[in-house]
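Working through the structure, step by step
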Amino acid sequence: MEGQLYLDFGEEFRPVNYTVAQIKNLGLIRSDENLKTLLKLYDEVTDIDIKREIVSSIGRQTDNENILKFIHENVFNCGFMELVYQMYRTCLYKGKNCAEFAQLGEEIKNYFDNEVLNKMYDYFSYRQNHVGKKIREKFYSKPILLRGNNVETLQKIEENSVQLIFTSPPYYNAKIYSDYHSYKDYLDDMYKTLQACHKVLEDGRFIIINVSPVISKRPGREFESVRYPIHFDFHNLLTRAGFYFVDEIQWIKPESSVKNRNGGYQQTKMPLSYKPNCINESIMVYRKNCNFLLDKNIAMYDKSFANDENFESSNCWYIAPASNKNHPAVFPKELCRRILKYYSFRGDVVLDPFAGSGTFGEVAIEMERTPILCEQNEIYCDLINKGNVYVQL
Ligand SMILES: C[S@@+](CC[C@H](N)C(=O)[O-])C[C@H]1O[C@@H](n2cnc3c(N)ncnc32)[C@H](O)[C@@H]1O
């Protein structure tokens, strides 16, 4: 990144070209002269990326009195949260040995009450108190089938013992295996399951939910149908249960495989009667809240666990749906394969709390993971375990 600024050469300012790297260098070499230059640059420069680097470089300097003064004078009126984050960062690091910085850091955090600052504080505090721990206890090495309501059966599973959760819950009352009295009842039940999932999932690992909007049948032509945006509501349930949003992947199906909704519009061409064919389902990727970076989860595995060269580069995955005469809503195996490939390692314990016919477990075993499946319908349970592969707890 390049820009123009004016450096103080005695009486007059002369323009010079500069780069982020040059600003970084000014920060790395600690001297009163460099701090003076950086403070002057802060006032002169308008480019926000350069300014951010200047603040970071000021934080690397050693004249704490002047740095404290600079942050005090600027942090509450600098106009950009990017700059506030850098100033707060300085307060966190310098606050380890200097009470004034610690106190100013507290003031900044309370003043802005901002989620990034709060997360910075949590990460920083965690790192002060934890040294890298690489060893993890392995609880399960055989596939497990839990028969019954997952809210209860998951209580049998050890806390923090699962490395990935992938599931497709009932889409409210869309299929024969589920019937809730109301959408609220449905969401309440889903929330209880997510709480149980949170308990068993290892800190920092992923929970991935496949859902899409559904429509309730019209009770008669004189009534409107109700369309439920289940994935929007799941976002709230997931965050309340202790997970945070990472990605949304779109599972795209061939248009010929989905219900045709174009009929009405095709006949009348009237605006407002338009209904597109829904060829996508959401694959909602969330991570269990924790105070450390994903790097720490990855560092538990050596290079021999890396995947092959091929990978999907975008968040649109084109996969044909699957059908199974024994279950009305099965995962395509390819979808399970990709989820397992990108979000778990060989040897991991992986959970599907709404297992249905057990497709996820089947692919997990093929890919050398240990599945735990929950299913409350006895017929589906028998189907899952027809090969007697699963231990039943
Ligand atoms: C969408 S289907 C899952 C299909 C599955 N992905 C497959 O490939 O076959 C949801 C399943 O969750 C089961 N289910 C619903 N509520 C449950 C609960 N509370 N505990 C355990 N299973 C439940 C249903 O019986 C149904 O088979």
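Residues numbered from 1 in each chain as written. Predicted model: local features only at pLDDT ≥ 70, side-chain atom pairs only at ≥ 80, totals over all residues. Heavy atoms only, no water.

What follows is about the sheet that holds strand β12 (residues 370-375). Across the sheet, 9 strands lie side by side as β10-β8-β9-β5-β4-β11-β12-β3-β13; this open sheet has mixed pairing. Of all strands in the sheet, those bounded by a partner on one side alone are β10 (316-318) and β13 (391-392). Sheet analysis places strand β4 (residues 162-167) next to strand β5 (residues 201-211), joined by 5 bridges and oriented parallel. Bridge pairing in β5 places L164 opposite F206. The strands touched by helix α13 (residues 333-343) are β4, β5, β8 (243-252), β9 (280-288), β10 and β11 (349-352); relative to β4, the strand with the most contacts, the crossing angle is about 150°. (Pairing = 2+ DSSP bridges. Helix = DSSP H or I, 4+ residues; strand = E, 2+ residues; numbered from the N terminus. Contact = heavy atoms within 4.5 Å. Axes fitted to C-alpha atoms, helices over the stretch in contact; angles between N-to-C directions.)

With that out of the way, let us pick up the pattern of salt bridges. Enumeration according to the criterion identifies 14 salt bridges in this entry. With a shortest N-O distance of 3.3 Å, D203 and K288 are connected by a salt bridge. Of this pair, D203 sits in strand β5 while K288 sits in strand β9, and the two are 85 residues apart along the sequence. Judged by its relative accessible area of 30%, D203 falls in the partly exposed class. (Salt bridge = Lys/Arg side-chain N within 4 Å of Asp/Glu carboxyl O. Buried < 20%, exposed > 50% of the residue type's maximum accessible area, 1.4 Å probe, protein only.)

The next subject is the domain arrangement of the protein. Looking at the assigned domains, one finds that the protein contains domain 1 (2-129) and domain 2 (144-392). Of note, the centres of domain 1 and domain 2, computed from C-alpha atoms alone, are 44 Å apart. Overall, the association of domain 1 and domain 2 removes approximately 510 Å² of surface from exposure, summing both partners, and the carbon and sulfur fraction of that is 54%. Summed over the three residues of domain 1 that lose the most area to domain 2, namely K119, Y123 and Y126, the buried surface amounts to 88% of that side. Where domain 1 packs against domain 2, one counts 0 salt bridges. Across the contact surface, domain 1 and domain 2 share 2 residue pairs in polar contact (both at pLDDT 80 or more). Its residues assigned to classes, the side of domain 1 that touches domain 2 comprises 2 nonpolar, no polar and 2 charged. (Domains from an automatic or database assignment. Buried area = accessible area lost by both parts, 1.4 Å probe. Polar contact = N/O pair within 3.5 Å; in protein donor to acceptor, adjacent residues only side chain to side chain. Nonpolar A, V, L, I, M, F, W, Y, C, P; charged D, E, K, R; others polar.)

Below, the discussion takes up the packing of helix α4 (residues 64-74) against helix α6 (residues 99-112). Two quantities define a packed helix pair, namely the angle between the helix axes and the distance between the axes. Axis separation between α4 and α6 bottoms out at 11 Å; the angle between their running directions is 10°. Here α6 runs roughly parallel to α4, going by the angle between their axes. As for how α4 packs across α6, the hand of that crossing is left-handed. Side by side, α4 and α6 meet where N64, I67, L68, I71 and H72 of the first sit next to E100, F101, L104, E107 and I108 of the second. Taken together, the residues of the contact of α4 with α6 break down into 6 nonpolar, 2 polar and 2 charged. (Parallel < 35°, antiparallel > 145°, perpendicular 65-115°, else oblique. Left-handed = near helix turned anticlockwise from the far one by under 90°.)

This paragraph deals with empty space enclosed by the protein. In total, this model carries 1 cavity of 30 Å³ or more according to the counting rule given. Taken as a whole, the largest cavity holds about 50 Å³ of empty space. Every residue along the wall of the largest cavity is listed here: I165, T167, P169, M190, T193, L194, C197, I207, I209, F234, P353 and F354. When residues of the lining of the largest cavity are traced back to their parent elements, those giving at least two are β4, α9 (183-200) and β5. The element that contributes the greatest number of residues to the lining of the largest cavity is α9, accounting for 4 residues. (1 Å grid on protein atoms, 1.4 Å probe; cavity = no way out; pocket = protein on both sides within 12 Å on 5 of 7 lines; lining within 4 Å. Points joined across faces, edges and corners; volume = space filled by probe spheres on them.)

Glancing now at the nonpolar core. One finds V162, Y186, I207, I230, F234, L238 and I372 to be the most contacted residues of the largest nonpolar core, which totals 37 residues. Within the residue set of this core, elements represented by two or more residues are β3 (144-147), β4, α9, β5, α10 (230-241), β9, β11 and β12. In terms of residue count, the dominant contributor to this core is α9 (9 residues). Listed in part, the 32 residues of the second largest apolar core include V20, C91, L104 and M120. (Core = buried A, V, L, I, M, F, W, Y, C linked by side-chain atoms within 4.5 Å.)

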